[in-house]
Each structure stands twice: as C-alpha cells, then as structure tokens.
Amino acid sequence: MIKDLWFTVQKIDADTYAISEYGHWEKVHSFLLLGKNKAVLIDTGLGIDNIKRITDQLTDLPIEVITTHVHTDHIGSHGEFEKIYVHEGDKDWLVNGIKGLSIEQIRKDISRDITLPVPKTFNPDTYQPFQGEPTGLVSDGDIFDLGNRTLVIYHTPGHSPGHISVFDETNGYLFTGDLLYDETPVYAFYPSTNPVDLVNSLEKISDIPNVSMVYGSHNTLGLEPGILEEVKIAVKYLREHQLTKFGTGIHKFNGFSVQF
C-alpha cells in the first residue's frame, strides 16, 4: 500500500480506494473507483497537497472527477484533472467562488488544527480554492458507466444546492458526501444550506435498495447500511417535531447528528 506523508490510502476492495486526509480536522475522504474503461474520483480533497500524486500511483485509467458539492474541502485538487463534473446547483460556486464564505474565513479553516506535516507548497496565506468551468453537469438519475461498473447520481440538496450522492450500483456502495457521516453533525445551518431539503435528501437516500455500505466524506470510513434505517426514524422525528428549520440546533440520532 502507498505510504504518503499527507494522504492515507485505504483499499475498500480491489477496485475501490479511499484517499483520506487525517492530518486535518475535517478528516475528509475522497474516493477512487476503478472500472474497465475509466476511473471516477469522487471529490479531490482539501488541496493542501496534490491528490493526483496518489491517483497516478493507483491507476493508469483516464480519471473523471465527480463533485459531491462545491465546498473547499472537496474541490482542492480539481485543477489537476481534465474532466470535472458538478451538479448545476453548485456550478456557479465552482466558476465564481463559494457564496457567503470570505477568502479570509476559508484560509483560517484550511490552516487550523493540522496534525501532520504539510508540504512546502502549502501556504495558508495565499491558499486559493479552485475556480473553473466544469466539463459537464450532472443531474438526478444520470449514470456513469465505467465499463463493468455502474454509478447512479442522486441529487441530494440541503448541505448545498447542488449536493449529490453517488450510488455504485454494482457493489452497493453509497457515497453520501456531506449528507450523511458520523461523529460530527451534518451541517445545514449556513444561509446557503436548506434544512427542509436536507431532510428530504436523507429520506431519498434511505429508500435506495441494496446498499451494502455507506461512505460519507468525513470521519469514520464506511458505515453499515443499517444507518439508513436510523435515517428513516430521524426524518420522521424531525418532521413531526417541526425541527426542519434554521436555529433548532443539534439533533442527535443513533449513529449520526444534524445541525440546523
């Protein structure tokens, strides 16, 4: 397995890798999915270091990047890849910058609580999130055919307008981006988020059949599919108690929490 100072590479199966950044407080995961004809990289990390150095060691296949959403910690190395896809709801942020977040705030967030040595190329004072035109737009129901592996796009807004989840139908892996993960709350309390949409999106993924594992973009790598039953309980609770609005705080459930 690849030894690297910044990235931790974990093999999920023979054709699936998690590329994680445990030296940063966000503990972000990107995922490389290999097919027969091409590979897909779900997100490109923080941009503190160049993720392409890792993907080059893992595959010679052409790589297409699918963006779960346009936040700094998921688009860091987008500039290293030729083909980038994003949902239309987040396209403007990719091209013109993330709304509601100043560059000062982004630089502060990117550089705090780092526990591993960072590369000499990283300077938080001059750090710039990627901005650029995507190769194409994805929408709900779109399919990426990797030759022997089928990925289905689910539009799951709430954390951002164009947030998507990716279902690897062939293996049953559900990649949930920042819609569902454990340990820290799933956020929908910024002006650019939408608590009602987030709860609707949680309900949507809880109904996907034949999920074998859930892979969120932060914290624990890989959650058992039983968490989706907990999601159903949470959705019902949040709606019945009229909690799906800004300012209602942190709501804890079995295995995950949300913050509105």
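Conventions and cut-offs
- Residues numbered from 1 in each chain as written.
- Predicted model: local features only at pLDDT ≥ 70, side-chain atom pairs only at ≥ 80, totals over all residues.
- Heavy atoms only, no water.
- Pairing = 2+ DSSP bridges.
- Helix = DSSP H or I, 4+ residues; strand = E, 2+ residues; numbered from the N terminus.
- Axes fitted to C-alpha atoms, helices over the stretch in contact; angles between N-to-C directions.
- Salt bridge = Lys/Arg side-chain N within 4 Å of Asp/Glu carboxyl O.
- Buried < 20%, exposed > 50% of the residue type's maximum accessible area, 1.4 Å probe, protein only.
- Phe/Tyr/Trp six-rings, centres within 6.5 Å; stacked < 30°, edge-to-face > 60°.
- Lys NZ or Arg CZ within 6 Å of the ring centre and 35° of its normal.
- Contact = heavy atoms within 4.5 Å.
- Core = buried A, V, L, I, M, F, W, Y, C linked by side-chain atoms within 4.5 Å.

## Remarks on the sheet that holds strand E10 (residues 164–168)
For step 1, the next point in the chain: One open sheet accounts for 5 strands, arranged E8-E9-E10-E11-E13; its pairing is mixed. The two strands at the open ends of the sheet, each matched to only one other strand, are strand E8 (143–145) and strand E13 (213–216). Along the sheet, successive strands turn relative to each other by an average axial angle of 20°, direction set aside.

## Here we look at the pattern of salt bridges
For step 1, the next point in the chain: Enumeration over the complete set of coordinates arrives at 15 salt bridges.
For step 2, the next point in the chain: As a salt-bridge pair, Lys-232 and Asp-207 come within 3.7 Å of each other at their nearest N and O atoms. Residue Lys-232 is found in helix H5 (residues 227–240), and its partner Asp-207 is found in the loop between helix H4 (195–206) and E13; the two are separated by 25 residues along the sequence.
For step 3, the next point in the chain: The salt bridge partner of Lys-232 is Glu-229, with a shortest N-O separation of 3.9 Å. Taken together, the residues span about one helical turn, with Lys-232 and Glu-229 both in helix H5 at a distance of 3 residues.
For step 4, the next point in the chain: The partly exposed category is assigned to Glu-229, whose relative accessible area is 48%.
For step 5, the next point in the chain: Here the salt bridges share partners, and the residues they tie into one network are Asp-4, Asp-49 and Arg-53.

## Things to note about the packing of aromatic side chains
For step 1, the next point in the chain: Summed over the entire model, instances satisfying the criterion amount to 12 aromatic pairs.
For step 2, the next point in the chain: Taken together through their ring pairs, the aromatic side chains of Phe-31, Tyr-173, Phe-175 and Tyr-215 make up a single cluster.
For step 3, the next point in the chain: Looking at Arg-112, its charged tip hangs above the ring of Trp-25, at a distance of 3.8 Å from the centre.

## Brief notes about the sheet that holds strand E12 (residues 186–187)
For step 1, the next point in the chain: Sheet architecture is open: 3 strands sit in the order E12-E15-E14, paired in mixed fashion. Lying at the two open borders of the sheet, with one neighbouring strand each, are E12 and strand E14 (250–253).
For step 2, the next point in the chain: Relative to strand E15 (residues 256–259), E14 is paired through 4 bridges, and the arrangement is antiparallel. The residue bridging His-251 from the neighbouring strand is Val-258, located in E15.
For step 3, the next point in the chain: Strand contacts of H5: E14 and E15, with the helix running at about 35° to E15, the strand carrying the most contacts.

## So, the nonpolar core
For step 1, the next point in the chain: Ranked by internal contacts, the top residues of the largest apolar core, which has 31 residues, are Ile-19, Leu-32, Leu-41, Ile-54, Leu-58, Val-70 and Leu-94.
For step 2, the next point in the chain: Elements represented by at least two residues in this core include exactly strand E2 (16–21), strand E3 (28–34), strand E4 (39–42), helix H1 (52–58), strand E5 (63–66), strand E6 (83–87), helix H2 (88–96) and helix H3 (103–111).
For step 3, the next point in the chain: In terms of residue count, E3 provides more of this core than any other element does, 3 residues in total.
For step 4, the next point in the chain: Setting aside its immediate chain neighbours within four residues, Ile-19 contacts Phe-7, Thr-8, Val-28, His-29, Ser-30, Leu-32, Leu-41, Ile-51, Ile-54, Thr-55 and Leu-58.
For step 5, the next point in the chain: Grouped together as the second largest cluster of nonpolar side chains are 28 residues, Leu-202, Ile-208, Ala-234 and Phe-253 included.

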